[in-house]
Amino acid sequence: MGSLSSFKIGRVVFAQALMDNKLMLMIPGPTPIPEKVLLAQAKHPIGHRSGEFSEIMGEVTENLKWLHQTQNDVLVLSASGTGAMEAAIINFLSRGDRVLVGSNGKFGDRWAQICQAFGLDTQIITAQWGKPLDPADFQQALAADTDKAIKAVIITHSETSTGVLNSLEAINTHVKAHGEALIVVDAVTSLGAYNLPTDELGLDVVGSGSQKGYMIPPGLGFVSVSAKAWKAYEQATLPKFYLDLGKYQKAAAKNSNPFTPPISLVFALQTALQMMKAEGLGSIFARHDRQKRATRAAMRAMGQPLFTSDAAASPAVTAVMPQQVDAEQIRSVMKKRFNIALAGGQDQLKGQIFRIGHLGFVSDRDILTVVGALEATLFELGADGSAAGAGIAAASKILMAS
Ligand SMILES: *Cc1c(COP(=O)(O)O)cnc(C)c1O
């Protein structure tokens, strides 16, 4: 064996080729992809104006509505999640419009940046990173707005950078009491992981992206649009062309697209949505909840401090703030020794936390694997916060209880 095909950690020699083919993505996007979905993409593209493709678009659109629990339009864009977020702003607002933005992490910050880039009068409601937004702050700002100048309340449901699930339901109650403002939601890591009944809650604009709960590769963005949001669209004057949702709505009514869609990704989406329907929304949400609880119990048993409270924990990602060992060192050993990719901290949390993604195509076995590998890694790095196997025992107890 030459040096290129193998490497050594301690006394153990590893075959590079084997490790390369065993990558395990435990990051909150891109997420793992089922084999069926990968194979669906391998087909020849077909014409996007063909009857065959139009039939697929019809099926996909119906199933997207099912996933969003809505009768609203759900439009498909060739964009990452941020493109969907930008579309959610520029289609419904005008320069100088007043908006309330919740920000308690990197993606909340991104909302504020988009609003500021388009010249909106942006009031930011913050919370410390790792803590949820306080609905009372929204209540206060909305109640004070007696002349109804606030056009939209914009929040991130699951804040992926910290693993916090913001209380969309409570914040939305205050938006409904205001009566005028639209509620605009980044649901990129909550859709397909947590119950998000769009119509029941009256969510006006919901944005998401394909590489998260959808179990397909990056490249598609999704935006659902309520009747109230379409009314706002009629008044909105921010410039738009490629992301003009009116074009997508018109095309979608004919099971079509305004521009050439990424056809292979639509094949993947068709298969992934069929798989999700077969599993059922209730089972999907229960699986994410179970894996979240198992991951958190394991970290506790291993003496690894969780970055968020149980009450505000995201179903998609668990952030851990290790004390005795460097977070980046943990990620490095996990990657090199086990070929398991964990996410690091972003912005001010860089080097402070590591994040375990449990979103999309993740099985209970994956949770046991990542917990076991983390135990071995912490042992290797000299962190002796717990008895060997304590994490596995805690995770197993939760996974096997349901
Ligand atoms: C991943 C993600 C996005 C979108 O990021 P892209 O890189 O543009 O796909 C937006 N919001 C949240 C909360 C996310 O996790």
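Source: prediction; values computed, not measured.

Student: Honestly, the sheet that holds strand 6 (residues 121–126) in this entry has me stumped. Any pointers?
Tutor: Overall, mixed pairing links the seven strands, which are arranged 4-12-11-10-7-5-6 in an open sheet. What marks the edges here is a single partner per strand, and that holds for strand 4 (73–78) and strand 6. For this sheet, the mean inter-axis angle between neighbouring strands, taken without regard to orientation, is 20°. Sheet topology note: the strand 7 (residues 150–156)/strand 10 (residues 182–186) ladder contains five bridges and is parallel. From the neighbouring strand, Ala-152 faces strand 10, where its bridge partner is Leu-182.

Student: Would you explain the domain arrangement of the protein in this entry?
Tutor: Quoted interface sizes are often the accessible area lost when the parts come together. Looking at the assigned domains, one finds that the protein contains domain 1 (14–34 + 281–401) and domain 2 (45–277). Inter-centroid distance (C-alpha atoms) of domain 1 to domain 2 is 28 Å. Counting from both sides, the interface comprises 29 residues of domain 1 and, opposite them, 29 residues of domain 2. Across the domain 1 to domain 2 interface the summed buried area is about 2,400 Å²; carbon plus sulfur atoms make up 67%. The largest share of the area that domain 1 buries against domain 2 comes from Leu-281, Phe-285 and Gln-346, three residues that together contribute 22% of it.

Student: Would you explain the nonpolar core in this entry?
Tutor: Generally speaking, nonpolar side chains in soluble globular proteins are found buried as a group. By size, the foremost hydrophobic cluster in this structure holds 49 residues, and its most contacted members are Leu-64, Phe-138, Val-153 and Leu-269. Here this core gets nine residues from one element, more than from any other, and that element is helix 11 (residues 263–279). Built from parts of two domains, this core gets at least three residues from each of domain 1 (14–34 + 281–401) and domain 2 (45–277). Counting residues in hydrophobic clusters, the runner-up holds 34 residues, among them Leu-77, Met-85, Cys-115 and Phe-118.

Student: Before we go on, may I ask you to explain the site of the ligand in this structure?
Tutor: Taken together, the neighbourhood of the ligand is formed by 14 residues, with Ser-80, Thr-82, Thr-160, Asp-186 and Lys-212 sitting nearest. Asp-186 places a polar side-chain atom, nitrogen or oxygen, 2.6 Å from a nitrogen atom of the ligand. Burial of the ligand by the surrounding chains reaches 88%, relative to a free accessible area of 380 Å². If you list the elements that add at least two residues to the shell around the ligand, you get helix 4 (81–90) and helix 5 (106–117). Residue contributions to the shell around the ligand peak at three residues, all from helix 4. Across the shell around the ligand, the residue classes break down as three nonpolar, eight polar and three charged.

Student: Please clarify how the pattern of salt bridges should be interpreted in this entry.
Tutor: Taken as a whole and judged by the stated rule, the model has 11 salt bridges. With a shortest N-O distance of 3.0 Å, Arg-293 and Asp-289 are connected by a salt bridge. Taken as a pair, Arg-293 and Asp-289 lie in helix 12 (residues 281–301) at a separation of four residues, close to a single helical turn. What makes Arg-293 partly exposed here is its relative accessible area of 37%. Residue Arg-296 pairs with Asp-310 through a salt bridge whose shortest N-O separation is 2.9 Å. Here Arg-296, found in helix 12, pairs with Asp-310, found in the loop between helix 12 and strand 13 (317–320); they are 14 residues apart in sequence, far enough to count as distant.

Rules of the game
Residues numbered from 1 in each chain as written. Predicted model: local features only at pLDDT ≥ 70, side-chain atom pairs only at ≥ 80, totals over all residues. Heavy atoms only, no water. Pairing = 2+ DSSP bridges. Helix = DSSP H or I, 4+ residues; strand = E, 2+ residues; numbered from the N terminus. Axes fitted to C-alpha atoms, helices over the stretch in contact; angles between N-to-C directions. Domains from an automatic or database assignment. Contact = heavy atoms within 4.5 Å. Buried area = accessible area lost by both parts, 1.4 Å probe. Core = buried A, V, L, I, M, F, W, Y, C linked by side-chain atoms within 4.5 Å. Buried < 20%, exposed > 50% of the residue type's maximum accessible area, 1.4 Å probe, protein only. Near = heavy atom within 4 Å. Polar contact = N/O pair within 3.5 Å; in protein donor to acceptor, adjacent residues only side chain to side chain. Areas by Shrake-Rupley, 256 points an atom, 1.4 Å probe, with all protein chains shown as cover. Nonpolar A, V, L, I, M, F, W, Y, C, P; charged D, E, K, R; others polar. Salt bridge = Lys/Arg side-chain N within 4 Å of Asp/Glu carboxyl O.

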